[in-house]
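Residue strings, one per chain:
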Amino acid sequence: MATQGPDSWVVYIVAEIAGAHRPLDVTTLLCTEDERVGCAKVITLCRYIVSIFSDSANKLAISSEMSLATDFYQDPSNLMLPVHELPTMNADEIQRNLDGPRRDYRCIREFPISSSVMVAAALATGDRPTPMPLGTVFRDESPYFGMLVFDISNLEDLKYGFVAFQAQRMVFHNHELGGPREVRVESERPRHAISAKAWLDRFEPLAMLFPAATNGASAMEALSLVEPITFQLIWPSEQKTLGDDTHQVQKHTIRPLLDITMSTLVESTTDTESFHMSLFDEPRRLPNFKKVLRRVLQERSANLGNFHSTAQLIALAFEGETSLDLIRYGGLSVQTISSALEMAELCQIKTLSVCVDFLSSSPVELALMISRLSLSEIYLLQSATRESDEPSIQTLLELFQCADMSAYPSKLFVSGVYSAALRRHAWLPELRKVPESLSPVQYIFERIQMNAIGRPRKYWDLNTHFIGDGLLNPLPFTSGLLNWIKEPDIDLFGLAAGPPTLQDDDTSRIEMTPIPTGIIADDPVEGLSPIIRVCFRRGSWHVLLSREKHWDRETDERNVRTGGWEQPVFTYVRLAFIKILNDACVEAVDTGTTYVGKEDVSVHGLKEFLDTTASVVDSAVIEKRLEETGEYLAHKPDQGRRPDGLEVIAVMSEDEALEMLNETLKSYGGDDSE
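Residues numbered from 1 in each chain as written. Predicted model: local features only at pLDDT ≥ 70, side-chain atom pairs only at ≥ 80, totals over all residues. Heavy atoms only, no water.

Colleague: In this structure, what is going on with the overall build of the chain? I would like to understand it.
Modeller: Broken down by element type, the chain carries 21 helices and 25 strands. A buried classification covers 54% of the 674 residues belonging to the chain. When contacts within the chain are restricted to residue pairs at least 6 apart in sequence, long-range pairs at least 24 apart make up 77% of them. About 30300 Å² of surface is accessible on the chain, with carbon and sulfur atoms providing 50% of the total. (Helix = DSSP H or I, 4+ residues; strand = E, 2+ residues; numbered from the N terminus. Buried < 20%, exposed > 50% of the residue type's maximum accessible area, 1.4 Å probe, protein only. Contact = heavy atoms within 4.5 Å. Areas by Shrake-Rupley, 256 points an atom, 1.4 Å probe, with all protein chains shown as cover.)

Here it is as structure tokens:
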């Protein structure tokens with residue numbers, strides 16, 4: 001009777017809210033008919049999730065979403081989520097019955113940031129995750145699923161844990177050879193988590209064949225494990241239902257006297273157009289004044305109105321802070337927010353966070369306000385109970401049209417873009433593009449040489465990747481591009497989760513950016529046709545990436561003589577950044593292909609691209625990253641001998657770039673003539 005661990009996994013991202021650890025995302029990684037989800041993939045998934053959630057670049061967005069989760073779960077109607085069970089089936093049935101309890105990808109996710117982290121981490125493993133409803137529960141009697149839990153309650157102290165049990169894959173009843181077969185789970189199933197290393201030691205005897213997995217598991221030993229109470233809702237005990245646990249965690253607390261006093265004071269000011277700030281001189285001396293005032297304003301925000309007094313209260317609540325977090329404030333207008341930001345108490349504010357769905361102003365009004373601010377970071381989030389992403393998306397599109405938008409914030413975070421990508425919805429209208437100052441690169445045109453043996457003509461596999469809706473700033477894009485050059489994949493995963501800069505200290509970091517809509521689509525996404533979207537506008541940038549092969553005749557002939565297996569092919573990369581100088585468009589008709597000439601584009605290398613689009617970047621740092629990428633490619637296990645004098649990564653000449661670009665456009669224009 002062979003025993004082994006689970007073939008598939010259910011992954012929970014939870015946070016402690018309203019007295020219990022509640023899910024922000026539930027996802028499954030399913031085995032295929034002939035392959036389980038192996039240890040290398042599981043550990044890679046863990047490392048990416050931990051890296052993204054713990055990176056300071058993502059902290060404010062994640063914290064803001066957790067604030068929205070607090071509002072969501074404090075609503076009594078959301079405390080008892082409908083219970084969904086995992087499939088109780090074998091691997092073949094899982095693949096044949098994907099329409100079981102899983103969630104339709106077109107459904108709006110309550111918490112798109114957490115879900116995007118999960119999708120990005122899963123894509124890093126090469127798998128496509130299956131989203132599940134938040135009420136999905138784990139049952140320990142299932143022999144097919146293990147559970148992974150990540151507790152992000154404290155982003156400075158992330159916790160995680162594996163739950164997995166051994167299963168006997170073949171059992172004969174009464175020791176009769178022809179009797180019925182079943183799969184049994186071990187009888188001892190303790191309700192506590194184990195570490196990644198402990199899981200490998202127990203369930204993956206061949207883990208030593210995967211150094212990345214063992215090293216990754218060892219690195220995760222520095223993290224704390226989730227405590228058993230974390231499982232209260234997601235792994236209900238046999239004696240209790242999910243509803244029972246939910247009711248138990250509800251607590252009735254006596255409101256502090258300070259809160260009552262502050263609430264009375266706030267109520268007395270909101271009935272007036274404005275008040276004298278000296279009214280709060282005494283309360284401002286209290287050590288918890290700002291914290292209490294924020295809590296009271298959140299509770300009463302829907303009734304505060306749009307008087308100047310509301311702006312004054314906000315200024316008092318965030319006096320001296322650098323971040324204005326209005327995520328949980330409902331009913332505010334952009335006029336109130338603008339008035340607050342103009343007050344002396346908020347002169348140090350650098351960051352603004354709001355929930356688009358909670359504001360009383362329209363997307364047009366919100367976009368106009370943002371265009372007039374000079375903040376470094378702006379976060380636009382959405383309600384977990386929204387029925388559409390349109391208000392968020394419309395705000396962004398209106399912002400693109402603002403005539404007085406002199407410069408965009410260094411970070412413009414719009415959760416609607418993340419949500420649209422998860423739903424595989426093209427949020428950017430056809431023939432529209434993101435302004436170059438916000439996201440300069442629109443397309444990656446890739447070609448891969450298919451034949452290597454010295455024939456006069458090279459044959460290419462051409463790929464077009466529209467990334468214009470990924471909101472990728474120059475530095476994160478460049479970091480992600482170099483990662484993708486090293487480890488190419490059809491998902492372009494590295495572009496959505498790469499280092500925020502090129503500096504030495506940041507190479508292992510991961511800043512989450514929107515996943516370009518086409519990346520996670522199993523089928524073509526409406527509105528993403530490369531033929532329609534190949535629209536060149538003056539000032540836009542596009543990347544040409546050619547993966548080429550050198551065939552070493554001497555090595556090949558030696559293999560023939562000796563029967564050897566030495567690799568005769570060496571793969572190298574030619575790269576170009578092209579800037580469009582004149583408007584041109586490729587039409588989706590047989591005879592309508594517009595060829596691009598030398599007068600229409602300028603061809604550049606990576607350093608020239610960054611000099612033009614990014615802030616000051618040390619050329620030595622750029623050169624070092626390029627050299628590291630080239631050395632990585634040159635020493636990959638499947639590489640042949642490197643020819644003398646051949647650069648592994650080099651910039652295309654102008655003629656080479658134009659030839660490749662026109663060849664790609666020709667293939668999409670329907671002209672297949674030789």
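Colleague: Could you clarify how one ought to interpret the pattern of salt bridges in this entry?
Modeller: Here the idea is simple: oppositely charged side chains can pair when their charged atoms come close. On inspection of all chains with the given rule, the structure shows 30 salt bridges. Arg 285 is the salt-bridge partner of Glu 282, the closest N and O atoms lying 2.5 Å from each other. Overall, Glu 282 belongs to the exposed group, its relative accessible area being 57%. Between Arg 386 and Asp 389 there is a salt bridge, with its nearest N and O atoms 2.9 Å apart. A relative accessible area of 1% places Asp 389 in the buried class. It is possible to trace a salt-bridge network through shared partners that takes in Arg 447, Lys 458, Glu 548 and Glu 663. (Salt bridge = Lys/Arg side-chain N within 4 Å of Asp/Glu carboxyl O.)

Colleague: Would you explain the sheet that holds strand β12 (residues 323-326) in this entry?
Modeller: To summarise the sheet geometry, strands pair through backbone hydrogen bonds and adopt either a parallel or an antiparallel arrangement. Judged by pairing direction, the sheet is parallel, and its four strands sit side by side in the order β12-β13-β14-β15 without closing on themselves. Taken across any chain shown, the strands that pair with only one partner, and hence form the sheet edges, are β12 and β15 (411-414). Each strand of the sheet is rotated relative to its neighbour by a mean of 5 degrees, with strand direction disregarded. Both strand β14 (residues 377-381) and β15 contribute to a ladder of four bridges, which runs parallel. Note that in β15 the partner of Leu 380 across the bridge is Val 414. (Pairing = 2+ DSSP bridges. Axes fitted to C-alpha atoms, helices over the stretch in contact; angles between N-to-C directions.)

Colleague: What exactly am I supposed to notice about the sheet that holds strand β2 (residues 8-17) here?
Modeller: Read from one edge to the other, the open sheet built from six strands follows the order β5-β3-β2-β7-β8-β11, with strand pairing classed as mixed. Two strands lie at the open edges of the sheet, namely β5 (130-132) and β11 (224-225), each paired on one side alone. Examined bridge by bridge, β2 and strand β3 (residues 20-29) share nine bridges and lie antiparallel to one another. Note that in β3 the partner of Val 10 across the bridge is Thr 28. Contacts from helix α4 (residues 112-124) reach β2 and β3, with the element oriented near 35 degrees to β3.

Colleague: Which parts of the structure should I look at to understand the packing of helix α9 (residues 289-300) against helix α10 (residues 308-317)?
Modeller: Remark: α9 packs on α10, axes separated minimally by 8 Å, with the N-to-C direction vectors making an angle of 140 degrees. Comparing the axis directions of α9 and α10 gives the class oblique. Residue-level contacts link Phe 289, Lys 290, Leu 293, Arg 294 and Leu 297 of α9 to Leu 313, Ile 314, Leu 316 and Ala 317 of α10. Grouping the constituent residues of the contact of α9 with α10 by class yields seven nonpolar, no polar and two charged. (Parallel < 35°, antiparallel > 145°, perpendicular 65-115°, else oblique. Nonpolar A, V, L, I, M, F, W, Y, C, P; charged D, E, K, R; others polar.)

Colleague: Help me understand helix α19 (residues 606-613) in this model?
Modeller: Because each turn of an α-helix spans 3.6 residues, side chains separated by three or four positions end up pointing in the same direction. All of the buried residues in α19 are Leu 606, Phe 609 and Leu 610. Taken end-on, α19 shows its buried residues confined to a sector of 95 degrees, consistent with a single buried face. (Arc of directions from axis to C-beta.)

Colleague: Looking at this structure, I do not really get helix α2 (residues 59-74). What am I missing?
Modeller: Here α2 spans 22 Å end to end across 16 residues, near enough to the 22 Å set by a 1.5 Å rise per residue. If you check which residues of α2 are buried, you get Ala 61, Ile 62, Ser 64, Glu 65, Met 66, Ser 67, Leu 68, Ala 69, Thr 70, Phe 72 and Tyr 73. (Expected span 1.5 Å × (residues − 1).)

Colleague: Just to check I follow, could you spell out a nonpolar patch on the surface for this structure?
Modeller: On the surface, Leu 206, Met 208, Leu 209 and Phe 210 cluster together into a nonpolar patch covering about 440 Å² of accessible area. Mapping Leu 209 onto the fold places it in the loop between α5 (196-203) and α6 (211-219). (Patch = residues over 30% accessible without salt bridge, like charges linked within 9 Å, V, L, I, M, F, W, Y side chains within 5 Å.)

Colleague: Would you mind going over the environment of His 542 with me for this structure?
Modeller: Tracing the sequence through the fold places His 542 in strand β21 (residues 541-551). For the pair His 542 and Ile 580, spaced 38 residues apart in sequence, the C-alpha to C-alpha distance is 8.2 Å. Apart from the residues within four sequence positions on either side, His 542 is in contact with Val 441, Gln 442, Tyr 443, Phe 445, Phe 536, Ala 576, Phe 577, Ile 578 and Ile 580. Among the polar contacts made by the side chain of His 542, one reaches the main-chain amide nitrogen of Tyr 443 at a distance of 3.5 Å. (Polar contact = N/O pair within 3.5 Å; in protein donor to acceptor, adjacent residues only side chain to side chain.)

Colleague: What am I meant to see in the nonpolar core here?
Modeller: In globular proteins that are soluble, nonpolar side chains generally tend to be buried together. Leu 324, Leu 326, Phe 400, Trp 427 and Leu 544 are the most contacted members of the largest nonpolar core, which has 73 residues in total. The biggest single contributor to this core is α10, with six residues. Discounting residues that sit within four places of it in the chain, Leu 544 has contacts with Phe 445, Arg 574, Leu 575, Ala 576, Ile 578, Met 652, Ala 657, Met 660 and Leu 661. In this structure, Val 42, Leu 123, Phe 203 and Ala 384 belong to the second largest nonpolar core, which totals 67 residues. (Core = buried A, V, L, I, M, F, W, Y, C linked by side-chain atoms within 4.5 Å.)

Colleague: I keep staring at the pairing of β14 and nothing clicks. Help me out?
Modeller: One face of the sheet, then the other: side chains in a regular strand alternate in exactly this way. With respect to burial, β14 is a largely interior element, four of its five residues being buried. Across five bridges, strand β13 (residues 351-355) lies against β14 in parallel orientation. Note on β14: the bridge partner recorded for Ser 353 is Tyr 379. The parallel pair β13 and β14, bridged by helix α12 (residues 363-371), forms a crossover whose chirality is right-handed. (Right-handed = clockwise from strand over helix to strand, strands pointing away.)

Colleague: Could you clarify how one ought to interpret the environment of Leu 665 in this entry?
Modeller: Mapped onto the fold, Leu 665 is located in helix α21 (residues 654-668). Residue class for Leu 665 comes out buried when judged on its relative accessible area of 0%. Spatially, the C-alpha atoms of Leu 665 and Val 596 are 8.9 Å apart, while their sequence positions differ by 69 residues.

Colleague: Sorry, what's going on with unusual backbone geometry here?
Modeller: Notably, Ala 18 is not glycine yet its phi reads approximately 50 degrees, a positive angle. Following the sequence through the fold, Ala 18 ends up in the loop between β2 and β3. One non-glycine residue, Arg 424, lies in positive phi territory at about 60 degrees.

Colleague: Can you walk me through the packing of aromatic side chains in this structure?
Modeller: The way to describe two aromatic rings as a pair is by their centre distance and the angle between their planes. Counting across every chain of the model gives 19 aromatic pairs. Note on Trp 9 and Trp 199: the rings are 5.4 Å apart at their centroids and 85 degrees apart in plane angle, and the pair reads as edge-to-face. In this pair, Trp 9 sits in strand β2 while Trp 199 sits in helix α5, placing the two residues 190 residues apart along the sequence. Owing to a relative accessible area of 1%, Trp 9 belongs among the buried residues under this scheme. Relative to Phe 466, the ring of Tyr 443 has its centre 5.1 Å away and its plane inclined at 55 degrees; by these criteria the two rings are tilted. Within this pair, whereas Tyr 443 is found in strand β16 (residues 441-449), its partner Phe 466 is found in strand β17 (residues 460-466), the two being separated by 23 residues in sequence. (Phe/Tyr/Trp six-rings, centres within 6.5 Å; stacked < 30°, edge-to-face > 60°.)

Colleague: What exactly am I supposed to notice about the packing of α5 against α6 here?
Modeller: Pairs of packed helices are described in terms of their axes, by the angle between the two and the distance that separates them. Contact geometry for α5 and α6: axes closest at 7 Å, N-to-C directions at 140 degrees. The angle between α5 and α6 places the two elements in the oblique class. Residues Ala 196, Lys 197 and Leu 200 of α5 lie in contact with α6, whose contacting residues are Ala 213, Thr 214 and Ala 217. Within the contact of α5 with α6, the residues separate by chemical class into four nonpolar, one polar and one charged.

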